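# Notes for the structure review
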Amino acid sequence: MSDAGLQVTDASLAIKGASLLSHAALALAPGELVVLLGPNGAGKTSLLRVALGLARPDSGSAELAGSDPARLSPTDRARAVTYLPQMRDLAWPIRVRDVVALGRFAYGAAPARMGEADQIAVAHALAACDLADLADRATDTLSGGELARVHIARALASQAPLMVADEPVASLDPRHQHQVMRLIRAFVDRGGGALVVLHDLDLAALFADRLVWMSEGRTLASGSVAETMTPHWIEAVYGIAATVTRSDGAVRVLVGR
Amino acid sequence: MTRTRWLIPGLLVGIVIALVAACLLGSVPLPPARMAAALLGFGPPGDMLVVWQVRLPRALSALVAGGALGLSGAALQGLLRNPLAEPGVLGVSAMSALFATVALFYGLAAFIPFALPLAAIAGALAATAIIAWAAPRTRSVVTLILVGVGISSFSGAIMSLLMNLAPNPFTLADMVTWMMGSVANRSLDDLALSGPFIAAGAALLIAGRRGLTALALGEEAAAGVGLDVARQRMLVVLGAGLATGGAVALAGAIGFVGIVAPHLVRPWVGHDPARVLVPSALLSGLILILADITVRIIPGDTELKLGVVAALIGAPVFVMIAIRRGAVR
């Protein structure tokens, strides 16, 4: 495990008597795209929060860039890993450029106060996500796919080595789902590490280097697509039968037989 | 971007013009030449009195109180992620006015020099603390506004009780002034008493403005980009409490300006909650100076209260924003 990575070991967490995590484990290193799979309520978001130090596990430990993430200042945490929580509407129709500029918040920047390095980072992020033409648009005039790209651009602008994204393609059509995943893939190919929660098994099979399967607060399995995208684990985690086919190296999942 | 660049200078020019107008207009006619002479300090004593003891302190009080309310409103809106948040609507002004009235009623203000602003600020802080405590526990803004209505009604009830117990009509008239808000008979001393608290609150709010932009993303994502959300909440509660409390100590409970000014400013600054703050304060100060001039020049035996005029303008805007938001969601 390198110093730049993120790791959760044997973490358990309960809130008001309800167990959210039990002995869960997770690891993410730069240069890999890990997809976290599991049904609603499996504890995926709780595991992400523990990994980021936003929640402290009752037992077990978390490590981010070599230290306990819960002890990091919000600024240091944001510089080590960029977090995209499940998408919520923006409170104000602020400009695309200003949202992306928030990626530089941990460096002391604000939309009204950008240093040279901040401006360069924002310009690169806008270009990488094909948003240059939309930079001055208000976010309430964007489509769901465009808004998802704005959030990815915000993550890229932070230039953090790691990215954690909670359902970044939720409620997007297939074309925009692929577009967002390709952006995350490109980030990983440039040396970043990404942990992504997905609900689409085909999409996970297509983009993941490694899958982590989660159910009822436990991480049941972790391994490559070839090893773990099997009817066995799909049934164990989601409780549904599935057929997995492989053709030309591509894995396709047919759920419900 | 040129629109944004001219916004603040434009508002400043507007404020200067409004202040001059406030010195010129009134029951005693004062031509510009005499007004200017009095303002510069070499007019006849009568003119000096009118300008320095009556008109200017009054206009400046309206400016400062309005500025504090506009700034607090804009900051609370940023913190709570909602354009309907405002010291008046959330019960902060009412609670503050109640505490101030208690301080007056029991004669504390006569003994301790800073008792009045301190009591008003304590009331404002109590209310903002309740709101900020309730905010993360409820996802619904409707609930939050209802909490504000609760605080308002509670303060109103105690206030009615105090009015019922008022020993004489003068005390009663004083209390009504607090509840409705007015800058009549304010002196430069009153301004000096509340000013430091308002300045401190404003400094806190402006220092923390960067975090308000981050909060546009939601609290979780704001924490993700590096914002200490708990600290930000504390900063806004303290800043808005100090500024609103100071404003109430100066001018009583004036509602709704904190909604109108940010609402008008927002499209000019790309809806960025950080950039809304300063222009909101300026515009809201300007609105109150103009409202106070209106109050003074409307003929009649009893003067209309400033807070009433503010509510007459502000309440319809509040209802309009509420309905429009309802239509979007």
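Structure shown above.
For the structure given in this document, a descriptive report is provided here.

### Focus on the environment of Ala115 of chain B
Residues and elements named next belong to chain B. Along the chain, the position of Ala115 falls in helix H6 (residues 115-134). On the basis of relative accessibility, which here comes to 9%, the residue Ala115 falls in the buried class. In the structure, Ala115 is positioned 15 residues away from Ala100 in sequence and 8.4 Å away in space, judged by C-alpha atoms. Every residue in contact with Ala115, bar those within four places of it in the chain, is listed here: Ala103, Leu108 and Ala109.

### Some points on a nonpolar patch on the surface
A cluster of nonpolar side chains, namely Leu39, Leu40, Phe42, Trp52 and Leu188 of chain B, defines an oily patch on the protein surface of about 500 Å² accessible area. Along the chain, Leu188 of chain B falls in helix H9 (residues 188-207).

### Describing the sheet that holds strand E9 (residues 218-223) of chain A
Residue and element names in this part refer to chain A. Spatially, E5-E6-E7-E3-E8-E9 is the arrangement adopted by the six strands of the open sheet, whose pairing is mixed. The sheet is open, and its two edges are formed by strand E5 (81-84) and E9, each paired on a single side. Ignoring which end each strand starts from, the neighbouring axes of this sheet average 15 degrees apart. Pairing between strand E8 (residues 210-215) and E9: five bridges, direction antiparallel. Across the sheet, Leu211 pairs through a bridge with Gly223, a residue of E9. Packed onto the sheet, helix H5 (residues 144-157) meets E5 and strand E6 (162-166) and runs at close to 165 degrees relative to E5. Packing against the sheet, helix H9 (residues 231-238) makes contact with strand E3 (33-37), E8 and E9, and its axis sits at approximately 35 degrees to E8.

### Observations regarding helix H3 (residues 45-80) of chain B
Residue and element names in this part refer to chain B. Given a rise of 1.5 Å per residue, 36 residues ought to cover 52 Å, and the 50 Å separating the end C-alpha atoms of H3 matches this to within 8%. Bending of H3 peaks at approximately 35 degrees at the position of Leu56, with proline Pro57 no more than four residues after it. Counted residue by residue, H3 has 27 buried out of 36 residues, so it is predominantly covered.

Rules used throughout
- Residues numbered from 1 in each chain as written.
- Chains lettered and ligands numbered in written order.
- Predicted model: local features only at pLDDT ≥ 70, side-chain atom pairs only at ≥ 80, totals over all residues.
- Heavy atoms only, no water.
- Helix = DSSP H or I, 4+ residues; strand = E, 2+ residues; numbered from the N terminus.
- Buried < 20%, exposed > 50% of the residue type's maximum accessible area, 1.4 Å probe, protein only.
- Contact = heavy atoms within 4.5 Å.
- Patch = residues over 30% accessible without salt bridge, like charges linked within 9 Å, V, L, I, M, F, W, Y side chains within 5 Å.
- Areas by Shrake-Rupley, 256 points an atom, 1.4 Å probe, with all protein chains shown as cover.
- Salt bridge = Lys/Arg side-chain N within 4 Å of Asp/Glu carboxyl O.
- Pairing = 2+ DSSP bridges.
- Axes fitted to C-alpha atoms, helices over the stretch in contact; angles between N-to-C directions.
- Expected span 1.5 Å × (residues − 1).
- Bend = angle between axes of the 7 residues up to and from the residue.

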